[in-house]
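Structural overview for review
Given next are the chains, with one letter for each unit.
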Amino acid sequence: MSSSLEKQLLARFLVIQRSRPELVQKLNDVIGTYEFSTIPRALFSADGQLLIPTDKSAVVKTLESHVDFENHADVEIEISESTRKICIIDAMAVVQTIKKGTKMTTCADFAQAFVSVIKKILHEYDEGRVIFDRYIEHSLKSQTRVKRTSGKDPMKFQVNDTTNIKNVPLKTFLSHIETKTQLTEYLGKRASLIARISKGYRNAINLMPPLAKNGWEIAHDILEPPKCLEQPALQAVLELVKCGCKGRCQGRSNCSCLKNDMPCTELCKCEDCENVRDYTADAETDDDSEEDEEIDT
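Residues numbered from 1 in each chain as written. Predicted model: local features only at pLDDT ≥ 70, side-chain atom pairs only at ≥ 80, totals over all residues. Heavy atoms only, no water.

So, the overall build of the protein chain
- Counting its secondary structure elements, the protein chain contains 13 helices and 4 strands.
- Taken over 297 residues, the protein chain has a buried fraction of 28%.
- A separation of at least 24 residues holds for 65% of the contacts in the protein chain among residues at least 6 apart in sequence.
- For the protein chain, the exposed surface amounts to about 21200 Å²; the carbon and sulfur share of it is 51%. (Helix = DSSP H or I, 4+ residues; strand = E, 2+ residues; numbered from the N terminus. Buried < 20%, exposed > 50% of the residue type's maximum accessible area, 1.4 Å probe, protein only. Contact = heavy atoms within 4.5 Å. Areas by Shrake-Rupley, 256 points an atom, 1.4 Å probe, with all protein chains shown as cover.)

Digging into unusual backbone geometry
- Positioned with a positive phi, Asp261 is a non-glycine residue whose angle comes to about 55°.
- Here Asp261 lies in the loop between helix H12 (256-259) and helix H13 (279-296).
- Unusually for a residue other than glycine, Asp272 sits at a positive phi of about 50°.
- As for its placement among the helices and strands, Asp272 is situated in the loop between H12 and H13.

Comments concerning the pairing of strand E1 (residues 86-90)
- In E1, alternate side chains face the same way, and those of Cys87 and Ile89 are buried while those of Ile86, Ile88 and Asp90 on the opposite face are not.
- Inspection of the sheet shows E1 paired to strand E2 (residues 127-131) by 5 bridges, in the parallel sense. Each residue of the ladder has a partner; that of Ile89, found in E2, is Val130. (Pairing = 2+ DSSP bridges.)

What about the pattern of salt bridges?
- According to the stated counting rule, one finds 6 salt bridges in the structure shown.
- Across the pair Glu178 and Lys156 runs a salt bridge, and its minimum N-O distance is 2.5 Å. Placement of the pair is Glu178 in helix H10 (residues 177-197) and Lys156 in the loop between helix H8 (140-148) and helix H9 (170-173), with a sequence separation of 22 residues.
- Judged by relative accessible area, Lys156 falls into the partly exposed class, the value being 40%.
- The shortest N-O distance in the salt bridge between Asp261 and Arg252 comes to 2.5 Å. In this pair, the class of Asp261 matches that of Arg252, namely exposed. (Salt bridge = Lys/Arg side-chain N within 4 Å of Asp/Glu carboxyl O.)

What to know about the confidence of the model for the protein chain
- Taken residue by residue, the protein chain gives an average pLDDT of 77. The fraction at 70 or more is 75%.
- The least confident element of the protein chain, judged by mean pLDDT, is H13 at 50; the most confident is helix H7 (residues 107-122) at 92.
- For the stretch residues 281-290, pLDDT sits under 50, and the model shows 1 contact to residues farther than four places along the chain or on other chains. (pLDDT = per-residue confidence, 0-100.)

Quick look at the side chain of Arg20
- When you line up the elements, Arg20 lands in the loop between helix H2 (9-19) and helix H3 (27-30).
- One buried charge, Arg20, has no salt-bridge partner; the nearest side chain with opposite charge is Glu22, at 6.3 Å.
- Within the local environment of Arg20, its side chain forms a polar contact with the backbone oxygen of Val241, the two atoms lying 2.9 Å apart.
- At a separation of 2.9 Å, a polar atom in the side chain of Arg20 contacts the main-chain carbonyl oxygen of Pro263. (Lys, Arg positive; Asp, Glu negative; His and termini not counted. Polar contact = N/O pair within 3.5 Å; in protein donor to acceptor, adjacent residues only side chain to side chain.)

What to know about the nonpolar core
- Val95, Phe110, Phe114, Phe173, Leu183 and Leu187 are the most contacted members of the largest nonpolar core, which totals 29 residues.
- Going through the elements one at a time, E1, helix H6 (91-97), H7, H9 and H10 are the ones with two or more residues in this core.
- Top contributing element to this core by residue count: H7, with 8 residues.
- Residues in contact with Phe114, not counting those within four places in the same chain, are Ala91, Val94, Val95, Ile98, Val130, Phe132, Leu187 and Ala191.
- Membership of the second largest hydrophobic core comes to 10 residues, among which are Ile16, Val30, Val237 and Leu240. (Core = buried A, V, L, I, M, F, W, Y, C linked by side-chain atoms within 4.5 Å.)

Remarks on the packing of aromatic side chains
- Within this structure, the stated rule accounts for 3 aromatic pairs.
- Through a chain of ring-to-ring contacts, three or more aromatic side chains come together here, namely Phe110, Phe157 and Phe173.
- When the ring centre of Tyr125 is taken as reference, the NZ or CZ atom of Lys85 above it lies at 5.5 Å.
- Sitting over the face of the ring of Tyr186, Arg190 holds its NZ or CZ atom 3.9 Å from the ring centroid. (Phe/Tyr/Trp six-rings, centres within 6.5 Å; stacked < 30°, edge-to-face > 60°. Lys NZ or Arg CZ within 6 Å of the ring centre and 35° of its normal.)

Considerations on a nonpolar patch on the surface
- Taken together, the side chains of Leu10, Leu14, Leu27 and Ile31 define a hydrophobic patch exposed on the protein surface, amounting to about 310 Å² of accessible area.
- Among the secondary structure elements, Leu27 is positioned in helix H3. (Patch = residues over 30% accessible without salt bridge, like charges linked within 9 Å, V, L, I, M, F, W, Y side chains within 5 Å.)

What follows is the structure, encoded as structure tokens:
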């Protein structure tokens, strides 16, 4: 469906409702059932581009403002002796907190600092789970990262033990998606080593389900949310019959509206046409009939 046709869907519905009301439901019965759009506006802009979230921190503050921390501060949680204390760690959040000192010259030094932080966090827990992000090239998150770079090409690094990062700011080091992908694998091996030594998983780690079958679809080798699962409007709106007669409609052979036994609409090109029906007058006649019936009873 073209973008110009999509913009006309609601206008088409209103015209059909006025000219051919027997073909469509009332507006209050249709709103909420049909989107009148081929894309969900909560996820996409009018031109079909994915919307990029820029105010996640504002959402967190809004949610926190609705929580009464004072009344929940005294809530006690009973912990039995058999209860295992499990800590879930956002690995990249830890990475962002690491301060590059003068002695940190290589990726091996960075990994050592990362492992030290993880060990310190897990010290009082029975089990630890370190969660890493996945860096998918054409995801919504990747577009957010591109926006953060302000159009500048990020610098790419090869991550290994000897990679020199002494004079590289952390923001620059983490600016390229491929560098983050390599760093995730590099640090993940060390986090896994910690798990095998003392804080191992009791259960096997489940594989993540494929994105293409769980709320995403692949279009032109790019992952995107599905744009439309249902028809954007009623069939009568999508396949609107309108004539292109010049002047008055002259007969079934020339007028598509007459040929389909339909009155012409405001979207037809005919002028001073007699193939119209005054549904307003019909509605008033029906109302008068109902009033007469009530008086007779």
